[in-house]
Amino acid sequence: MSADGETIEAVKKLRQNRLNVVQALLHNPCPVFDEAIARNVLTCEEYDQVVSQVSKADKIRQCLDTMEGKGEACAEIFLAILHDLRGTYPRLRLWIDDDEQRPDTCVRDVETKLDRFSNEKLLFLMKMEKSSLSEELWKEFPQLCHEAREAGLLPQCFSELFGKLIEMNSDNRVDFLLNLILEGGPKNACTFWHILESNGKTRVVVEKTIIKLKTNENMMEMLRKYVAAKDDLSNELMKRVKIIKDYNAVPGESTNLEDRFVEPVIVKSKSGLAASSETYENSFRGRDHNFKKFDEDRVTRDFMFERQDPWVDVLSHVVVFGAPGVGKTMFSQKVIFDWTFKDGKLNKRFDFVLLLKCRNLNRICSLTTLRDIVLNEFPCLEEVVDDLLKNGFRLLMILDALDEMKHPLDFDNVCRSPWQLHDLGGIVAGLLKGTILKCATIMVTTKLVGLLWLNHVNLDPKTTCAVEIVGFSKEETRGFFQKFYKNEEIAKQVFHHLSTNDVLSSLCFNPIFCWITATCLGNYFTHNDGKMSDLAPKTMTELFSQYILLHLQHHGGKNVSNSPDTLLGLCQLAFHGVKEKKILFTAEDMNNHGVTNIPQAFLSEVHQKSESRSICHYEFFHLTVQEFFAALYFFLPRCVDSVEEVFAKSTDADDGRYQIVQRFLSGLLAEKPRSTLVSHFESLTTKPKKTIYAWLKQQKHKDLNCFHCLYELQDTDFTQAVMGDVEFVNLTQDMTSPVDCTAVVYALQTSNKPVNSWCVKLGSTDSTQRMKILAPAFPLCEKLQFVKQPIGDDIEIFVEAVLSKPNRLKDLT
Ligand SMILES: Nc1ncnc2c1ncn2[C@@H]1O[C@H](COP(=O)(O)OP(=O)(O)OP(=O)(O)O)[C@@H](O)[C@H]1O
C-alpha cells in the first residue's frame, strides 16, 4: 500500500521484473511505446523523452521509469499492454500471467494472427516456408542477423563469428540463418516471426504467409498434422523407452529407465573410425581402464549433437561405439527419452526421432521401402510420413546395434528414395551414405566390429561426431549401486565390499558387469546383522558362478542346463576360441562343436561384412564369459582336450590369452563356486587340479598371474606352502594395476611370510589406491624401498599400517 492507501501491486511487479522487461523488449520496443501512446499512458512529451535515449535498453528503462512514476493505475495499464503483446515478446511469458480469460485489446492485426499459432506451429511454418522466405529475405539478411543476435537467437559460437556471418554472400545465406534459428526450437522460431513482423521491410513477408495460410486449407491442415504427429510419436517413444527389463526379470517385472540410468564416460574418438575399427582385433585384450586418462576427451550427450563446425548446415552422423555390454543400447534409449521432453535441448534440435533396431530389421526378407519400414514401426506418422522423408530435415534416425544387422549392406547399389522398392541392405546403406534423408542426422550404435561397415561410407569428419562409450568410473559405479538397490544402506555396504576388493571392482567399469555384480551381491547385504556379508563373492570365479547360475535359472538358460551336450559344446567352443584368439564364431564352428541349440542367454548374434555379403556370427556376450566357459570345460567329465596346453602357453611372455582362463581354472577348484555350480551341472571333476597345483609350485611366482590364481583358489594351506621360496625384490615393478596389488597382498598375508627385501613402485596415477592396498603387507618386510617416487602424501597410510601390528621393518628408503 502507498501512503495514500493506494495498492502498489502493479508498480511493484514492474519494478521486480525490470530486467525481464528490458531483455524481452530489447529487439524492438517500439510496438510497446506505440500501444502506450494509444492507451494514453504515455504523453507525446514523455514519448519524445523515451525515444531520445541512445540505446534501446535505455529507451525501455526511461519508459519504465515514467510508468512507475505515474502510479499504480498507469502501471496496471502498462502491464496489460505487456500482457496483450506477450506473443510478440515470448520472453515476457516467463513471468507475466498467461491468463487466457483476459481479453486481447491490442489492435495490431497481423500480430494477433501470429498470436493464434502455437510456437510449435510457427516452427513448422518456418520449415514449410523456408525456400520462399529464403528468397524474399535475401536482401534483409544483414539486418536480420543483427536483430536475431540482439534477441539472443543465434548459437553461442556465432557471438565470435558474427562478423563473418553478416558478410556471407551466398544464395543460401538466409537458409543458413533460418537453420540457426530453428536449432533453438519453437520459442526461437516464434520470436523470429515477430522480428519479421515488427520490421517495416519484412512485415509484408509475414502478411503474405498469413494470407497463404488463410487461403490454403491444406497448409493449415498440414501444420495441425505435424504437431499432432509429433505429440503421438513422443508418447509412443516414451512408452517404449521409459521402461527397461533386466535379463533376469520375471514376467511383469520392470524398472524405470530414469531410476537406473547412470551417465557413462563417453569420449570423443581421436583416432577416427578407420583406426578404431582396426583395434577390434586388439579388443581381445585390454580390460584395465584408467579413467583419469579419459578426463580430457570426455564429452556430454548434448555435445554429441552439436555441429562440430559452425559453418556446416547439419550434423550428418553420430557414431556411438563401444565394447559389448558397455551400454550402447541403453544410451540410445536415454537419447530418445530426453527428446520426449519438450524444451529439452534435443527436442529443440529435432522435430522427429525414429528408432530402428537392426535386430528387428533382420526380420524383413523381401523388397521394401524406407517409407514402409518407418510406418510399420510408427503407424502414428501415417499423415506426415511422406513430407517427413522428403529430405529428413530436423529428423534424427537412430540405427541401434548395426553389428547385429543380418543383411549385407550394399554400398554399390544403394537405395536413393524413401519410396523406392529395395532390399534392406541397400536401404540401410543409403541411409548411411546419405542418398536418402540427406538432411537428417543418422545416429548409429555399434560394437567395434560394426565400424568396418562404416569404412565404406567415407564419413566427413566435419559433419560426423564419433564417440566411444568407455563405461563407468568409480563415481558412476557408486551411482549405479545407489540406483540399483534404491536403499542407501545396502548400496553403501556393497560399494564398501567392492572398494576393499579390487578384483571385483575392476570388472565394474563395464556396466553389464556392474549389473551382474549388483545382482549377485545384493542378497548378501540385505540383512542388517551383516552375517551374510562374509559369504558374499570375493573372487571373480565366485561372482561368475553365481551369475551363470542366475542365468540358468532365468533368461532362457534352461536349454543349457537341461542338455549336457549343449553345455559341453558351448564350453569346448569357448576354449577353442580362446586358443585361436577368436571371439566371433560361425554357424559351422557351432556345428563342429555340437552346439545345435544356440543358447541365447550366453551367445548373441553379430553380423560381419565380408566381400559382398553379411555373415552371421555368434559371440559370447563378453569375452570374460567366454573365458569362464573355457575354464569350466576342463571340469566336465567328457572334456577331450588337455589342460596342460593352457599352462604350457603361458611361458610365452607376450601371450596373455590364457591368463584369465588360468585364474578361472584355479577358482573352479575352490569350494564355494563348485557348490554353487554343482546344483545345475552334471558332476564337476577335479581332473585339472594336479596340473594347476604343479604349475603354481613350479612357477615360483615369476609370473604375476600366479598370484591371481592363488587369490581365486582361496586355499590357505596351499598358498602358505608355495609362498615358501618366493623372491619379492622386484615384484611390484610388474604390477600394472591395483588388482595386481590385491592379489599379491592376499598371498603375503595368507602365508604370513616374512619378506627380506621389497622394491615398491607406486605409479603416478593411482599411488594412493596402491598404497592402501599394499600397506597391510609392509609390516612383513625387513627392507622396503620405494623406487622412483617417494611416499609423499601417502605417508599417513603407510605409518598407520606399519604401526598397526608388530613389524619387522629395519630399512626404509
Ligand atoms: N548407462 C547405464 N546406466 C545403468 N545401467 C547400464 C547403463 N548402460 C548399461 N547398463 C547395464 O548394462 C546392461 C547392458 O547394456 P546394453 O545392452 O545397453 O549394452 P550394449 O553395449 O548395447 O551391449 P551389446 O553390445 O552386447 O549389445 C543393461 O541391461 C544395464 O543393466
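Residues numbered from 1 in each chain as written. Predicted model: local features only at pLDDT ≥ 70, side-chain atom pairs only at ≥ 80, totals over all residues. Heavy atoms only, no water.

Asker: Even after reading the chapter, I still don't get the packing of helix α42 (residues 738–751) against helix α43 (residues 767–774), so can you show me in this structure?
Answerer: Any two packed helices are characterised by the angle at which their axes cross and by the distance between the axes. Interhelical geometry of α42 versus α43 gives an angle of 10 degrees and a closest axis separation of 9 Å. Comparing the axis directions of α42 and α43 gives the class roughly parallel. Within the contact between the two elements, α42 uses P738, C741, T742 and V745 and α43 uses Q769, R770, I773 and L774. Its residues assigned to classes, the contact of α42 with α43 shows five nonpolar, two polar and one charged. (Axes fitted to C-alpha atoms, helices over the stretch in contact; angles between N-to-C directions. Helix = DSSP H or I, 4+ residues; strand = E, 2+ residues; numbered from the N terminus. Parallel < 35°, antiparallel > 145°, perpendicular 65-115°, else oblique. Contact = heavy atoms within 4.5 Å. Nonpolar A, V, L, I, M, F, W, Y, C, P; charged D, E, K, R; others polar.)

Asker: Hey, could you run me through the site of the ligand in this one?
Answerer: Lining the immediate environment of the ligand, one finds 18 residues, of which V262, G325, K328, M330 and K447 sit closest. Note that an oxygen atom of the ligand is positioned 3.0 Å from one of the side-chain N or O atoms of T329. In the model, an oxygen atom of the ligand is placed 2.9 Å from a nitrogen or oxygen of the M330 main chain. Burial of the ligand by the surrounding chains reaches 89%, relative to a free accessible area of 630 Å². Among the secondary structure elements, those contributing two or more residues to the shell around the ligand are α20 (328–339) and α30 (511–521). Per-class residue counts for the shell around the ligand are 11 nonpolar, three polar and four charged. (Near = heavy atom within 4 Å. Polar contact = N/O pair within 3.5 Å; in protein donor to acceptor, adjacent residues only side chain to side chain. Areas by Shrake-Rupley, 256 points an atom, 1.4 Å probe, with all protein chains shown as cover.)

Asker: In this structure, what is going on with a nonpolar patch on the surface? I would like to understand it.
Answerer: Taken together, I795, V799 and L803 make up a surface patch of nonpolar side chains, about 270 Å² in accessible area. If you trace the backbone, V799 turns up in helix α44 (residues 795–803). Overall, V799 belongs to the partly exposed group, its relative accessible area being 36%. (Patch = residues over 30% accessible without salt bridge, like charges linked within 9 Å, V, L, I, M, F, W, Y side chains within 5 Å. Salt bridge = Lys/Arg side-chain N within 4 Å of Asp/Glu carboxyl O. Buried < 20%, exposed > 50% of the residue type's maximum accessible area, 1.4 Å probe, protein only.)

Asker: Would you mind going over helix α6 (residues 72–84) with me for this structure?
Answerer: Each α-helix winds once per 3.6 residues, and so residues spaced three or four apart point in a common direction. Helix length check: α6 (13 residues) gives 18 Å between terminal C-alpha atoms against 18 Å at 1.5 Å per residue, within 8%. The complete set of buried residues in α6 reads E72, C74, A75, F78, L79, A80, I81, L82, H83 and D84. (Expected span 1.5 Å × (residues − 1).)

Asker: Mind showing me how you'd approach unusual backbone geometry here?
Answerer: Within the chain, R394 stands out as a residue other than glycine whose phi angle is a positive 60 degrees. Tracing the backbone through its elements, the reader meets R394 in the loop between α24 (385–391) and β6 (395–400). The exposure class of R394 is buried, given its relative accessible area of 5%. One non-glycine residue, K581, adopts positive backbone phi at about 55 degrees. Take K581: it is sitting in the loop between α33 (564–579) and α34 (587–592). Under the relative-accessibility criterion, K581 is labelled partly exposed at 48%.

Asker: I keep staring at the side chain of T66 and nothing clicks. Help me out?
Answerer: Inspection of the secondary structure puts T66 in helix α5 (residues 56–69). The class of T66 is buried, set by a relative accessible area of 13%. Setting aside chain neighbours within four positions, we find T66 in contact with L42 and E46.

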